[in-house]
Amino acid sequence: MAERSEEVKLLGMWASPFSRRVEIALTLKGVPYEFSEQDIANKSPLLLQSNPVHKMIPVLLHNGKPISESLVILEYIDDTWQNNQILPQDPYDRAMARFWGRFVDEQIYVTAMKVVGKVGEERDLAVEATRDLLKLLEKELVGKDFLGGERLGFVDIVATLVAFWLMRTEEVVGVKVVPVEMFPEIHRWVKNLLDVDVIKKCIPPEDEHLNYIRARMDSLKLKSV
């Protein structure tokens, strides 16, 4: 268990869903931390030193010791500060939470990125593939307020990527990947998330975030020419 005289620093980037999920967990636990905004185009010596393998955000520095990869960081936070647990206590439920967390990152995110990076028929195929994956998440939400059950949990924090990245990207791309008539449970879940003070505090401001997404997409188009 963590001591009071500790130093906690997060190397992150304000618009990153992976960085934001770590902020959500720290805030939920009531852990004071210093946020260090990183320029992903010009990586700092501290970031390169702290994450020499992937050289990516987020990185949590706890008393000078670096922990990288957001899913790993979330588990570390839950093990270190044991109030307001985000992972279930039951071993099976914990395993299922880890499974769905990886599903969001390794399946939904990877596939949804193709919606942003493709056009025409290739984009249409990417939209359909993303929806097929989201249908599995939709099923998990039936009869639940949150993916974690009755309260915000590990999978909800991970899946904010869907609620506040993918669903905002729709507006910029001009394609409804998560239409309410097809995914009523996901839309209900997003409303529940927005009723949680910690979530409201930790998600990026919508207008600023949309401007960032547009700029990133324009940059990707220029690089592909």
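Above: the structure in question.
Below is a short write-up of the structure. Since we're looking at a predicted model, the values are computed, not measured.

1. What to know about the nonpolar core
Next, step 1: L134, L152, F154, I186 and W189 are the most contacted members of the largest nonpolar core, which has 64 residues in total.
Next, step 2: In terms of residues, this core owes the most to one element, helix 6 (residues 154–173), which gives 14 residues.
Next, step 3: Formed by 8 residues, the second largest nonpolar core is a distinct cluster that contains A15, L47, I57 and V59.

2. Some details on the pattern of salt bridges
Next, step 1: Using the criterion set out here, one finds 13 salt bridges in the structure.
Next, step 2: For K135, the salt bridge identified is with D132, shortest N-O distance 3.7 Å. Residue K135 and its partner D132 are located together in helix 5 (residues 120–141), separated by 3 residues, close to a single helical turn.
Next, step 3: Given the relative accessible area of 41%, K135 is considered partly exposed.
Next, step 4: Notably, a salt bridge pairs K144 with E140, separated by 3.6 Å at the nearest N-O pair.
Next, step 5: Among the charged side chains, a salt-bridge network with shared partners connects D145, E185 and R188.

3. Notes on the pairing of strand 1 (residues 8–12)
Next, step 1: Burial analysis of strand 1 places 4 of its 5 residues in the buried class, the great majority of the element.
Next, step 2: In the sheet, strand 1 pairs with strand 3 (residues 59–62) via 4 bridges, with the strands oriented antiparallel. Across the sheet, residue V8 finds its bridge partner in strand 3, namely H62.
Next, step 3: As paired elements, strand 1 and strand 2 (residues 34–37) share 4 bridges and run parallel to each other. By the bridge assignment, K9 is partnered in strand 2 with E34.
Next, step 4: Once you follow strand 1 into helix 1 (residues 17–29) and on to strand 2, the crossover reads as right-handed.

Thresholds applied
Residues numbered from 1 in each chain as written. Predicted model: local features only at pLDDT ≥ 70, side-chain atom pairs only at ≥ 80, totals over all residues. Heavy atoms only, no water. Core = buried A, V, L, I, M, F, W, Y, C linked by side-chain atoms within 4.5 Å. Buried < 20%, exposed > 50% of the residue type's maximum accessible area, 1.4 Å probe, protein only. Helix = DSSP H or I, 4+ residues; strand = E, 2+ residues; numbered from the N terminus. Salt bridge = Lys/Arg side-chain N within 4 Å of Asp/Glu carboxyl O. Pairing = 2+ DSSP bridges. Right-handed = clockwise from strand over helix to strand, strands pointing away.

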